Amino acid sequence: MEHRLSKQNELWERAQQVLMGGGQGHKRPSAVPGYPIFATHGEGCRFFDADGHAYIDYLLAFGPITLGHNYPRVTEAVTRQAQLGTIFNIGTVLEVELAERLVRTIPSAEMVTYCSTGSEATAAAVRIARGHTGREKVIRCGYHGWLDWCRPGDKGVPAAVSALTLAVPYNHLDALTDLFKANAGEIACVMIEPSATEAPKDGYLEGVKALCEEQGAVLIMDEVKTGVRYALGGAQEYFGVTPHLSTWSKGIANGYHFAAVVGVREIMEPAADVWVAATFHGELTGCAAAMATLDEMEEQDGVRLLWQRGQRLADGLLRIMREASVEATMLGMGPMPLLRFGEGQEELSTRFYSECVRRGVYFSPGHVWFLCLSHTDEVIEETLNVARDAIAAAKA
Ligand SMILES: Cc1ncc(COP(=O)(O)O)c(C=O)c1O
């Protein structure tokens, strides 16, 4: 790492001595020069690195921050709850009230079970679907976490488990049809990210649902990223296609531990004897954070603002690239955009992101970015000004 990040160089040396791999993912030095890897704190749409630089944050921890870092309403709700107690492992009023609210908010939700993380929620949904159908194979489409069932072939994942998980590419209904044919009567569920870097083609999500119902499989929408951002009721509300089950985490609690599986009564009620229980399920600071986040999003008309500002960022970046004669497109949708440079422009792309981060804008290269309510119109303008300078410097 460069001199600008000298304290982080030292921290990285220490981290490698005591943390497995020094850390995972973005906690390791990036292939793109200039990226910080140690944060000290965050405020609104910015975070600060261990060398004291501030960044406009479009990583947002890969999505959990919907409102902003240390967002007063959430911080107050969590502090209040911490003073009342965080965990009892008998039921609480808040867990019931939040489940009632999720049922009101999410189109396909009639019942809820709590988890702690997105990976747990997706694993729980798969177990519920297997229990419901008596089948074992799973078709996945997207990223669904780190647990064995969705990482077939990874180091440390048993071959017997890997053999039960099949994968299809997004937006290819034919591939899904073929996989169902080749595994007739064996598929318990299809788990799909309803929209990650692409919008669904016309009729795609409807087609996936129809195939699942025809084949007796459970459709699970993984709303871990899209939930609350696309609409308060997730991508299922936005696209008007309801799954049988869906998984929620990340953005719903603005950075606190919270996750849930929600679904139709017909599947969830008989699943009462499926073991989905852990000490921290329904932990109360997470529930309080979720309530406060939903309150704020509702009162601020947050979904509309996220779409509007995401679009403003996307349009602005496209204009800047056009003016700089750089071939680029925007992928992703509204609150989760992503810039893609044209073929053969990998070096320019690396230089662009590097110049942005050195100027205080943290875009995650190659992964969708996330908008939060604290990205005001002024912040988007500031971002675009940085991007204009960054592409000029990258070309020079
Ligand atoms: C769509 C989706 N599902 C599941 C997960 C797993 O969530 P977690 O990292 O909280 O376990 C992620 C995480 O990135 C995700 O993006």
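Quick caveat, the model's predicted, so the values are computed rather than measured.

Chemist: Tell me about the site of the ligand, and please be specific about residues and values.
Modeler: With respect to spatial proximity, the complete set of residues near the ligand consists of Thr117, Gly118, Ser119, Tyr143, His144, Gly145, Glu193, Asp222, Val224, Lys225 and Lys250. A distance of 3.1 Å separates an oxygen atom of the ligand from a polar atom in the side chain of Lys225. In isolation the ligand offers 390 Å² of accessible surface; the protein chains occlude 82% of this area. Most atoms of the ligand, that is more than half of them, are within 2 Å of grid points of the largest pocket.

Chemist: Give a detailed account of the layout of surface pockets, specifying residues and quantitative values.
Modeler: Estimates place the volume of the largest pocket at around 1,800 Å³. Together, 46 residues line the largest pocket, and Gln24, Lys27, Ala61, Phe62 and Lys250 are the ones closest to its centre. Per-domain counts for the lining of the largest pocket show at least three residues from each of domain 1 (3-69 + 301-395) and domain 2 (87-282).

Chemist: Please give an account of unusual backbone geometry that cites residues and values.
Modeler: Positive phi values are uncommon outside glycine, yet Phe62 reaches one of about 65°. Classification of Phe62 by relative accessible area gives partly exposed; the value is 22%. Even without being a glycine, Lys250 presents a positive backbone phi close to 35°. Its place among the elements puts Lys250 in the loop between strand E9 (245-248) and strand E10 (259-263). The class of Lys250 is partly exposed, set by a relative accessible area of 24%.

Chemist: For the pairing of strand E7 (residues 187-192), give the residues involved together with the corresponding values.
Modeler: Here E7 lies mainly inside the structure; 6 of its 6 residues are buried. Bridging between E7 and strand E8 (residues 218-222) involves 4 bridges; their strand directions are parallel. Looking at E8, one finds that Met191 is bridged to Ile220. Handedness of the crossover is the feature at issue here: the chain leaves E7, passes through helix H7 (residues 204-215), returns alongside E8, and the resulting connection is right-handed.

Chemist: How would you sum up the sheet that holds strand E4 (residues 111-115)? Please name residues and give values.
Modeler: Strand order in the open sheet formed by 7 strands is E4-E10-E9-E8-E7-E5-E6, and the pairing between neighbours is mixed. Edge positions in the open sheet fall to E4 and strand E6 (165-167), since each of these has one partner strand only. Sheet twist, expressed as the average angle between the axes of neighbouring strands with direction ignored, equals 20°. Across 5 bridges, the pairing between strand E5 (residues 137-141) and E7 is parallel. Of the residues in E7, the one forming a bridge with Ile139 is Val190. Each of E4, E5, E7, E8, E9 and E10 touches helix H4 (residues 118-133); the most contacted strand, E7, lies at about 150° to it.

Chemist: Summarise the environment of Ala77; cite the residues concerned and give the values.
Modeler: Tracing the sequence through the fold places Ala77 in helix H2 (residues 72-84). Taking relative accessible area as the criterion, Ala77 reaches 10% and is therefore assigned buried. For Ala77 and His367, which are 290 residues apart along the polypeptide, the C-alpha to C-alpha distance reads 31 Å. Setting aside its immediate chain neighbours within four residues, Ala77 contacts Ala288 and Ala292.

Rules and cut-offs
- Residues numbered from 1 in each chain as written.
- Predicted model: local features only at pLDDT ≥ 70, side-chain atom pairs only at ≥ 80, totals over all residues.
- Heavy atoms only, no water.
- Near = heavy atom within 4 Å.
- Polar contact = N/O pair within 3.5 Å; in protein donor to acceptor, adjacent residues only side chain to side chain.
- Areas by Shrake-Rupley, 256 points an atom, 1.4 Å probe, with all protein chains shown as cover.
- 1 Å grid on protein atoms, 1.4 Å probe; cavity = no way out; pocket = protein on both sides within 12 Å on 5 of 7 lines; lining within 4 Å.
- Sits in = over half its atoms within 2 Å of the grid points.
- Points joined across faces, edges and corners; volume = space filled by probe spheres on them.
- Domains from an automatic or database assignment.
- Buried < 20%, exposed > 50% of the residue type's maximum accessible area, 1.4 Å probe, protein only.
- Helix = DSSP H or I, 4+ residues; strand = E, 2+ residues; numbered from the N terminus.
- Pairing = 2+ DSSP bridges.
- Right-handed = clockwise from strand over helix to strand, strands pointing away.
- Axes fitted to C-alpha atoms, helices over the stretch in contact; angles between N-to-C directions.
- Contact = heavy atoms within 4.5 Å.

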